Amino acid sequence: MAPGEKIKAKIKKNLPVRGPQAPTIKELMRWYCLNTNTHGCRRIVVSRGRLRRLLWILFTLTAVALIFWQCALLVASFYTVSVSIKVHFQKLDFPAVTICNINPYKYSVVRDLLADLEQETRVALKTLYGFPENTSRKRREAESWNSAWEGTRPKFLKLVPLMAFGQDETGEAKDFLTGRKRKFNGRIIHKASDATHVHLSKEVVGFQLCSNDTSHCALYTFSSGVNAIQEWYTLHYMNIMAQVPLEKKINMSYSAEELLVTCLFDGVSCDARNFTLFHHPMYGNCYTFNNRENETILSTSMGGSEYGLQVILYLNEEEYNPFLVSSSGAKVIVHRQDEYPFIEDVGTEIEPAMATSIGMHLTESFKLSEPYSQCTEDGSDVPISNIYKAAYSLQICLHSCFQTKMVEKCGCAQYNQPLPPAANYCNYQQHPNWMYCYYELHQAFVREELGCQAVCREACSFKEWTLTTSLAQWPSVVSEKWLLPILTWDQGQQIKKKLNKTDLAKLLIFYKDLNQRSIVESPANSIEMLLSNFGGQLGLWMSCSVVCVIEIIEVFFIDSFSIIARHQWQKAKEWWARRHAPAGPQGRDNPGLDVDDELPTFTSALRLPPAPGTQVPGTPPPRYNTLRLERAFSDQLTDTQATD
């Protein structure tokens, strides 16, 4: 065997291709498949037959795809929560209880302020429905509408005209002020009503609101005349009361001594001193029991009606405003001490001449904030200013957002909510078009066009009392004979008349039991669990471990990049050598041999010229550069003998 061939064979035997020393990526992948612990890759190389090899390629790629899919699901579900419900039996703090009379102000006191409004309301009712006379509809229509307005001309119907038109009529409406039909080109917004129709025809009633320049008008209609008149009356009522000072309004409403006849908590007597005044624009003077401002928070150690709050309320139905409220009774709401009582939204109504028992169950919820949910801890990260002097809640955020938008768009605040900083309540004198602006803004709020629902978020922790209400007639027929005279005598200093059962209501609020339920969210996953799940997926589909993953990263990224970089560097060196090589045939006697200063490798050995089979006489001896190359190989491979 020629010396060159022996050198090639010895290099193949003693210098096997391993890892980064592989000359090509193909050989590197072959080396990886033969040496890795992932069985699928090994079977691709050692399997015989194209079909079997193709199947193993398919199986391996499917397993890899499943690993990526399962790991993606694990990452996507990492920020999930597990909910645990715990029940504690312990002594419970009693919540704050706010009680309001449905009628905000004594009718005898506010009658002078509302005299003109009530006169126009009564005339409008008489004009349309024959109220209070029992006249026929034909006779009412035959009478002149202007005859009802003899004397002083109306101002409220001029500001917000009441109109009536048939549902089949379009473009025309009958004005209450003139009694004539006129064309109407504005929008007609119909407000659905569940009240019973008070007339037999298809005629509907509404009122017209316009902007400052009267270029934009809208007709708000109701299927029931009751709702239309009450809505129209309430708008003017808010405008009038917005101009009354707060101190005067407090004096016009009910005092705690008038509203609260008797009080008992946990078997101990209480009185008006245990209640804190809270003035609501639409409900007048309300009173909060167990408010933190009054004294320390009260608690109860037993469940049942005997260990809760028991009060008897004096409603005084004779002082009710007939157009503002159509029902009698009181409203009560259970809330935290630092929470604003939204009595108009979630209050429970108390009926007169009835004993209302409200049993409570306390539930406390704790939610995880970002990235698990969009809740907020205290509302500091919500871009809405809290205009209420209370703890943050979703309801407070929504109302604050609407009031802020109201001030921005209309220049004033809605009367039935607290005032934002540096703002005034809406009234005709300063804001002539506030009603039109308010209704347009309210429609946009319902359609979620103001962005309040998008920025307001739920609180992460809150308390909720589940209420169970039951009613019983009170006082009974046999007990009212002695009970009412005693209550009249007890209230002789505050009430100058004999009490009737329809003027009274009894309220009992208590814990049904002392079981406090806590709903707590906790992370369902952790980093340790995620890594463990990753390892399970790798072992299930590829019989692989974390070390195998590191090996894959090394081979497919580091070693592959090294081979590519080495090839590019070799090409650059060859290009540079060719560009700066000296001209002439010196050193180029054997063009098949490219001498490199580096140690020989398997690739450079393959480029050795083949040895001639027999030596031709007269052939010149080899050059010294070839001998130096052979000597270099001999030094590296000590067991190679240069013999024939």
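Thresholds, definitions, all that
Residues numbered from 1 in each chain as written. Predicted model: local features only at pLDDT ≥ 70, side-chain atom pairs only at ≥ 80, totals over all residues. Heavy atoms only, no water. UniProt positions renumbered as here; feature names shortened; annotations may be inferred. Helix = DSSP H or I, 4+ residues; strand = E, 2+ residues; numbered from the N terminus. Polar contact = N/O pair within 3.5 Å; in protein donor to acceptor, adjacent residues only side chain to side chain. Contact = heavy atoms within 4.5 Å. Pairing = 2+ DSSP bridges. Axes fitted to C-alpha atoms, helices over the stretch in contact; angles between N-to-C directions. Disulfide = S-S within 2.5 Å. Buried < 20%, exposed > 50% of the residue type's maximum accessible area, 1.4 Å probe, protein only. Patch = residues over 30% accessible without salt bridge, like charges linked within 9 Å, V, L, I, M, F, W, Y side chains within 5 Å. Areas by Shrake-Rupley, 256 points an atom, 1.4 Å probe, with all protein chains shown as cover. Salt bridge = Lys/Arg side-chain N within 4 Å of Asp/Glu carboxyl O. Core = buried A, V, L, I, M, F, W, Y, C linked by side-chain atoms within 4.5 Å.

- If you look the chain up in an unreviewed UniProt entry, it shows as Epithelial sodium channel subunit gamma from Neomonachus schauinslandi.
- The record in UniProt for the chain states the following under Sequence similarities (unreviewed entry): "Belongs to the amiloride-sensitive sodium channel (TC 1.A.6) family. SCNN1G subfamily."

**A closer look at the side chain of N285**
- Relative to the assigned elements, N285 resides in strand β13 (residues 284-289).
- At a separation of 2.9 Å, a polar atom in the side chain of N285 contacts the main-chain carbonyl oxygen of I250.
- Here the side chain of N285 touches Y254 through a polar contact of 3.1 Å, landing on its backbone oxygen.
- For N285, the contacting residues outside a window of four places in its chain are P104, I250, S253, Y254, L277, F278 and H279.

**A word on the sheet that holds β13**
- Taken together, the five strands give an open sheet; going across it, the order is β12-β13-β3-β16-β17, and neighbouring strands pair in antiparallel fashion. Of all the strands in the sheet, the pair left with one neighbour each is β12 (275-280) and β17 (348-350). Along the sheet, successive strands turn relative to each other by an average axial angle of 30 degrees, direction set aside.
- As paired elements, β12 and β13 share six bridges and run antiparallel to each other.

**Comments concerning the environment of Q443**
- Along the chain, Q443 turns up in helix α14 (residues 434-446).
- Separated by 254 residues in sequence, Q443 and I189 have C-alpha atoms that sit 9.9 Å apart.

**Description of the state of the cysteines**
- Scanning the entire structure with this criterion turns up eight disulfides.
- Across the disulfide, C263 is cross-linked to C270 (sulfur-sulfur distance 1.7 Å). Between C263 and C270, the S-S dihedral sits near -80 degrees, and the bridge is therefore left-handed.
- The disulfide bridge from C375 ends at C460, spanning 2.1 Å between sulfur atoms. Every disulfide takes its handedness from the sign of the S-S torsion; for C375 and C460 that torsion is 95 degrees, giving right-handed. Residue C375 is located in the loop between β18 (354-366) and α13 (394-410), and its partner C460 is located in the loop between α15 (452-455) and β19 (461-473); the two are separated by 85 residues in the primary sequence. Residues C375 and C460 agree in their burial class; the two are buried.
- No disulfide involves C544; its sulfur sits 3.6 Å from that of C548, the nearest cysteine.
- The class of C544 is buried, set by a relative accessible area of 10%.

**Some remarks on the UniProt feature "transmembrane region" (unreviewed entry) in the chain**
- Mapped onto this numbering, the UniProt entry annotates "transmembrane region" (unreviewed entry) at residues 54-79.
- As annotated, residues 54-79 has a helix share of 88% and a strand share of 0%, and its two end C-alpha atoms lie 40 Å apart.

**Side note on a nonpolar patch on the surface**
- On the surface, L51, L55, L58 and F59 cluster together to form a nonpolar patch covering roughly 410 Å² of accessible area.
- Note that L58 resides in helix α4 (residues 50-76).

**Re the nonpolar core**
- Within the largest apolar cluster, 102 residues are counted, with the highest numbers of intra-cluster contacts made by F94, F207, Y237, L309, W434 and I509.
- Core analysis: the next-biggest nonpolar cluster, separate from the first, contains 10 residues, W474, L484, L499 and L504 among them.

**Focus on the side chain of T376**
- In this structure, T376 sits in the loop between β18 and α13.
- A polar contact of 2.4 Å, which involves the side chain of T376, links it to the side chain of D381.
- Excluding its chain neighbours within four sequence positions, the residues that come into contact with T376 are D381, V382, Y392, R457, E458, A459 and C460.

**A word on the pattern of salt bridges**
- Here the structure, examined in full by the defined rule, presents eight salt bridges.
- R273 is the salt-bridge partner of D271, the closest N and O atoms lying 2.7 Å from each other.
- Overall, R273 belongs to the exposed group, its relative accessible area being 67%.
- Residue D381 is joined to R457 by a salt bridge in which the shortest nitrogen-to-oxygen separation is 2.6 Å. Separated by 76 residues along the polypeptide, D381 in the loop between β18 and α13 and R457 in the loop between α15 and β19 bring together distant segments of the chain.
- Taking the relative accessible area as the measure of exposure, D381 reaches 44% and is therefore partly exposed.
- The exposure class assigned to R457 is buried, which follows from its relative accessible area of 15%.
- Members of the salt-bridge network, linked through shared partners, are E370, D381 and R457.

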